[in-house]
Every structure is written in C-alpha cells, then in structure tokens.
Amino acid sequence: MSDVFHLGLTKGLLAGAKVAIVPGDPERVARIAALMDNPQPLASTREFTSYLGHLDGNPVVICSTGIGGPSTSIAVEELAQLGVDTFLRVGTTGAIQKHVNVGDVIVTTGSVRLDGASQHFAPMEFPAVADFECTLAMVEAAKAEGCEPHIGVTASSDTFYPGQERYDTVSGRVIRRFKDSMAEWQALGVLNYEMESATLLTMCASQGWKAGMVAGVIVNRTQQEIPDEAVMKKTESTAVKIVVEAARKMAKR
Ligand SMILES: O=P(O)(O)O[C@H]1O[C@H](CO)[C@@H](O)[C@H]1O
Ligand SMILES: O=c1cc[nH]c(=O)[nH]1
C-alpha cells in the first residue's frame, strides 16, 4: 500500500533517497533512469511516473511532475513526505532573449512567479529562488558536458499560451495583463519561459528544501514557435545528462 495520496510510493521503495530528479514529462523518466545504475520502475499514477536509480551507490528517485504548478506541488510535497529534501528539475523551455539559441541550456537562479500554486505556499513578496549548491552543481555539470549554460531568471507561467503571450491560438488574443508582457520580461533580462519552477522553487525555499532547475532550449520565441523534433530530442538529452551529473554530486552530500 502507498504511503502517500497520489504517487503510489512508499518509504521502502525509495530506499532512503534524499535526492529527486523531477522532469515534467513522464516519458522522460525512463530515459533519465537509463543513465543510472540498476534502474527500477517504481510506480505510474496519473502524470506521476517514478523510477529509482543509483549514482555512485547512492539512491536517487526520478518522478515526473506533469505540466504546471498544481501537479508539481503534489509531487514535491509527497516526495518530501517520503524523505526527499533535494529536488532537481529538468525541463524544456522557450527562450525569449535573442542571444539564447535553440540547443542551449539554461540554469535558473530564480523565477518570476506567474503561477498560482506558489501563492498557496508563500506570499508574492517571497522569492522563487534556487538553492545555491544545486545551482552550482547544475552549472558545473553543464560545463563538464561541454555546454556554457545561460544562468539567470526564468518566467514560470501557469499557462503555455496566454501567460507566455502566445497569439497562435484559436482566439488569437491574450488578456490585457499579458499584452506586451514578453517585451517587459525581455527588458528585465528574463531568459526564458517554462511552467513549473515558480512552484518548485517557492515551495522548497520556503520549507528548507533544496531545489535547482536546468532546461534545454527547444524554441526561441524571437525566431519561431514550433520546435524541430530532432533538435528537441538532442537538447532534452543534453539537459538530462546535466541533471544526472548534478544529482550525482548532490546525492554524495
Ligand atoms: O519539458 P517539461 O519538463 O514538461 O517543461 C516544459 O514543457 C511543458 C510545456 O510544453 C511545461 O511543462 C514546461 O515547463
Ligand atoms: O516555449 C516554451 C517551450 C517549452 N515549455 C514552455 O513552457 N514554453
């Protein structure tokens, strides 16, 4: 029987893992686990697919969050209930700065809280900030992988379309709040859009857990809206290698 409400996991299944890798996409979980020793599937419920793997003998759990803050908040809370205290998100992302290329990697130091879920954990004045050690581990792993990562602020939105100011929709419009919002984030030096880091980083920073975030750039919004499949696969695979090496380092502590 599961020890938690949604994930279908028990403390025993996690074998004492303190570090979790948390991608959005459930299909990414097995690909991450394949880079570890003795990968074992654990559970699959709703958007939450989980595996256990080992890095230098240390257990690391991989569990997908699904898309967006609400399901991310469930995955993070239940993994913490099972003893995890360090969360490394690996995702895909849309860059908004001209100098950030498709195929590049972004390590997030903090997120603009364009979500709703993070406000259930801390008031808006509280920063969605990444843990320094996790961030350093991500940056060092990226460099070891031969990437010079972009390091900075991410806009993290509850919605893929209006919150990221996309007009390629059926209605072709966004509400006033988001009109010209991309230009504003660009002017403020924000690097990219994704959908889970505001929730993850706020939850962890406000509860004494560690969290970091790395993402592979699959589109640049100043150039194109639809990603190329082959480029997307390659970029995701680079980000996955980086997060596994960062997890190796964090699991050694
Ligand atoms: O690739 P993942 O981790 O799902 O991350 C990004 O991709 C999804 C949107 O396509 C959102 O979850 C966003 O944050
Ligand atoms: O543009 C993008 C690409 C991936 N994920 C997002 O949330 N936005």
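Just so it is clear, the structure is predicted and the values come from calculations on it, not from any experiment.

Undergrad: Sorry, what's going on with the overall build of the protein here?
TA: The number of helices and strands found in the protein is seven helices and ten strands. A globule of 253 residues ought to have a C-alpha radius of gyration of about 18 Å, and the protein, at 17 Å, matches this closely. Viewed in the frame of its principal axes, the protein has a C-alpha envelope of about 50 × 40 × 30 Å. With 253 residues in all, the protein has 50% of them scored as buried.

Undergrad: Looking at this model, I keep getting lost on the packing of helix α4 (residues 132–144) against helix α7 (residues 229–252). Mind explaining?
TA: What describes two packed helices is the angle between their axes and the distance between those same axes. The geometry of α4 relative to α7 is characterised by a closest axis approach of 8 Å and an angle of 130° between their N-to-C directions. Relative to α7, α4 is oriented oblique. Here α4 and α7 pass one another in a crossing that is right-handed. Two secondary-structure elements touch here, α4 through C134, A137, M138, A141, A142 and A144 and α7 through I242, E245, A246, K249 and M250. Here the contact of α4 with α7 is built from residues that sort into nine nonpolar, no polar and two charged.

Undergrad: What should I look at first to understand the site of ligand 2 in this one?
TA: Neighbouring ligand 2 are T92, T93, G94, F160, Q164, Y193, E194, M195, I218 and V219. Counting residues per element, the ones that place at least two in the shell around ligand 2 are β5 (86–95), β9 (192–194) and β10 (210–220). For the shell around ligand 2, the element with the highest residue contribution is β5, accounting for three residues. Each residue belonging to the shell around ligand 2 can be placed in one class, and the counts come to five nonpolar, four polar and one charged.

Undergrad: Is there a simple way to explain the site of ligand 1 in this structure?
TA: Every residue lining ligand 1 is accounted for by P23, G24, D25, I67, G91, T92, F160, E194, M195 and E196. Each residue belonging to the shell around ligand 1 can be placed in one class, and the counts come to four nonpolar, three polar and three charged.

Undergrad: How do you make sense of the nonpolar core when you look at a structure like this?
TA: One recurring pattern in soluble globular proteins is that nonpolar side chains are buried together. Ranked by internal contacts, the top residues of the largest apolar core, which has 72 residues, are L88 and V243. For this core, the leading source of residues is α7, giving eight residues. Apart from residues no more than four positions distant in its own chain, V243 is found in contact with I21, L88, V90 and V214.

Undergrad: How do you make sense of the pairing of strand β2 (residues 37–45) when you look at a structure like this?
TA: Each regular strand shows side chains that alternate between the opposite faces of the sheet. Where β2 and strand β3 (residues 48–55) come together, six bridges link them in antiparallel fashion. Within β3, the position partnered with S44 by the bridge is T49. Here β2 folds back onto β3, and the loop between the two strands holds two residues, one of which, R46, carries a positive phi near 45°.

Undergrad: Mind showing me how you'd approach the UniProt feature "domain: Nucleoside phosphorylase" (unreviewed entry) in the protein here?
TA: Taking the UniProt record as the reference, the feature "domain: Nucleoside phosphorylase" (unreviewed entry) is found at residues 18–242. Secondary structure across residues 18–242 divides into 29% helix and 32% strand, with the first and last C-alpha atoms of the span separated by 18 Å.

Undergrad: Teacher, can you tell me more about helix α3 (residues 69–81) here?
TA: Residues lying three or four places apart along an α-helix face the same way, a consequence of the helix completing one turn every 3.6 residues. The end-to-end C-alpha distance of α3, which contains 13 residues, comes to 18 Å, matching closely the 18 Å that a straight helix rising 1.5 Å per residue would cover. Among all positions in α3, only G69, S71, T72, S73, I74, A75, V76, E78 and L79 are buried. For α3, the elements touching its buried residues are β1 (19–23), β3, β4 (58–63), β5 and α6 (197–207). Backbone geometry just after α3 places G83 at a positive phi near 110°.

What counts and how
Residues numbered from 1 in each chain as written. Chains lettered and ligands numbered in written order. Predicted model: local features only at pLDDT ≥ 70, side-chain atom pairs only at ≥ 80, totals over all residues. Helix = DSSP H or I, 4+ residues; strand = E, 2+ residues; numbered from the N terminus. Rg over C-alpha atoms; globule rule 2.2 N^0.38 Å. Buried ≥ 20, exposed ≤ 12 C-beta atoms within 10 Å, placed from the backbone. Axes fitted to C-alpha atoms, helices over the stretch in contact; angles between N-to-C directions. Parallel < 35°, antiparallel > 145°, perpendicular 65-115°, else oblique. Left-handed = near helix turned anticlockwise from the far one by under 90°. Contact = placed C-beta atoms within 7 Å. Nonpolar A, V, L, I, M, F, W, Y, C, P; charged D, E, K, R; others polar. Near = placed C-beta within 6 Å. Core = buried A, V, L, I, M, F, W, Y, C linked by C-beta atoms within 7 Å. Pairing = 2+ DSSP bridges. UniProt positions renumbered as here; feature names shortened; annotations may be inferred. Expected span 1.5 Å × (residues − 1).

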